[in-house]
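Here's the letter readout for the chains.
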Amino acid sequence: MDTSPVIRVVAGILERQHLVLIAQRPDGKHGAGLWEFPGGKIESGESPDQALQRELVEELGIDIRGSQPFLEIAHDYEKHSVRLHFLMVFRWEGEPASMEGQTIKWVRRDTLQSYEFLPANTPVIDALLSP
């Protein structure tokens, strides 16, 4: 039985003008080259909201002004497990920009399936594409 701890992760779904922001995993990280929704690990003592606020300042240079839970997913990778908290970010201050050198782009929801995402993102993409 695997006794490694579950990694808690938060990700933000930013949408404006019918476009969703996605980010490409940088070289040297698990899943390098694959796409994801911006976010990162939840630190000890942080709520998902607090972690997302911190992560999006670090990654995108924006300050969240409004978000709500969207979906929570547990996923097992070969060497670790994750619990992902996806939050719909509906208001922020600043213009999202790549602060850590990762590629980011705004894409239409109906094109999300044409990008190769980390496997744990599949349920959230399905939910975003549901009528």
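Student: When you look at the overall build of the chain in this model, what are you seeing that I'm missing?
Tutor: Helix and strand counts for the chain come out as two helices and seven strands. Secondary structure elements of the chain occur, N-terminal to C-terminal, as β-β-β-β-α-β-β-β-α. Relative to a compact globule of 131 residues, whose C-alpha radius of gyration would be 14 Å, the chain shows 14 Å and is just as compact. The dimensions of the chain, computed from C-alpha atoms along their principal axes, are 45 × 35 × 30 Å.

Student: How should the nonpolar core be read in this particular structure?
Tutor: Burial of nonpolar side chains together is a common tendency in soluble globular proteins. Core analysis: the largest hydrophobic core is formed by 22 residues, its most contacted members being Ile13, Phe37 and Phe86. Listed by contribution, the elements that provide at least two residues to this core are strand S1 (6-16), strand S2 (19-24), strand S6 (81-93) and helix H2 (122-129). Among the elements that make up this core, the one with the highest residue count is S6 (four residues). Those residues within four positions of isoleucine 13 in sequence are excluded, and the remaining contacts are Val20, Phe37, Phe70, Phe86, Leu87, Met88, Val89, Val124 and Leu128. Formed by 13 residues, the second largest nonpolar core is a distinct cluster that contains Val10, Ile42, Leu60 and Ile62.

Student: How should unusual backbone geometry be read in this particular structure?
Tutor: Glycine aside, residues mostly have negative phi, and peptide bonds are mostly found in the trans state. For glutamine 17, which is not a glycine, the phi torsion comes out positive at approximately 50 degrees. Looking at the element boundaries, glutamine 17 is found in the loop between S1 and S2.

Student: Looking at this model, I keep getting lost on H2. Mind explaining?
Tutor: Every buried residue of H2 is listed here: Val124, Ile125 and Leu128. Down the axis of H2, the sector holding all buried residues measures 100 degrees, keeping them to one side. Buried-residue contacts for H2 involve S1, strand S5 (63-76) and S6.

Calculation notes
Residues numbered from 1 in each chain as written. Predicted model: local features only at pLDDT ≥ 70, side-chain atom pairs only at ≥ 80, totals over all residues. Heavy atoms only, no water. Helix = DSSP H or I, 4+ residues; strand = E, 2+ residues; numbered from the N terminus. Rg over C-alpha atoms; globule rule 2.2 N^0.38 Å. Core = buried A, V, L, I, M, F, W, Y, C linked by side-chain atoms within 4.5 Å. Buried < 20%, exposed > 50% of the residue type's maximum accessible area, 1.4 Å probe, protein only. Contact = heavy atoms within 4.5 Å. Arc of directions from axis to C-beta.

It is worth stressing that arrangement in space is one thing and function is another; only the former is reported here.
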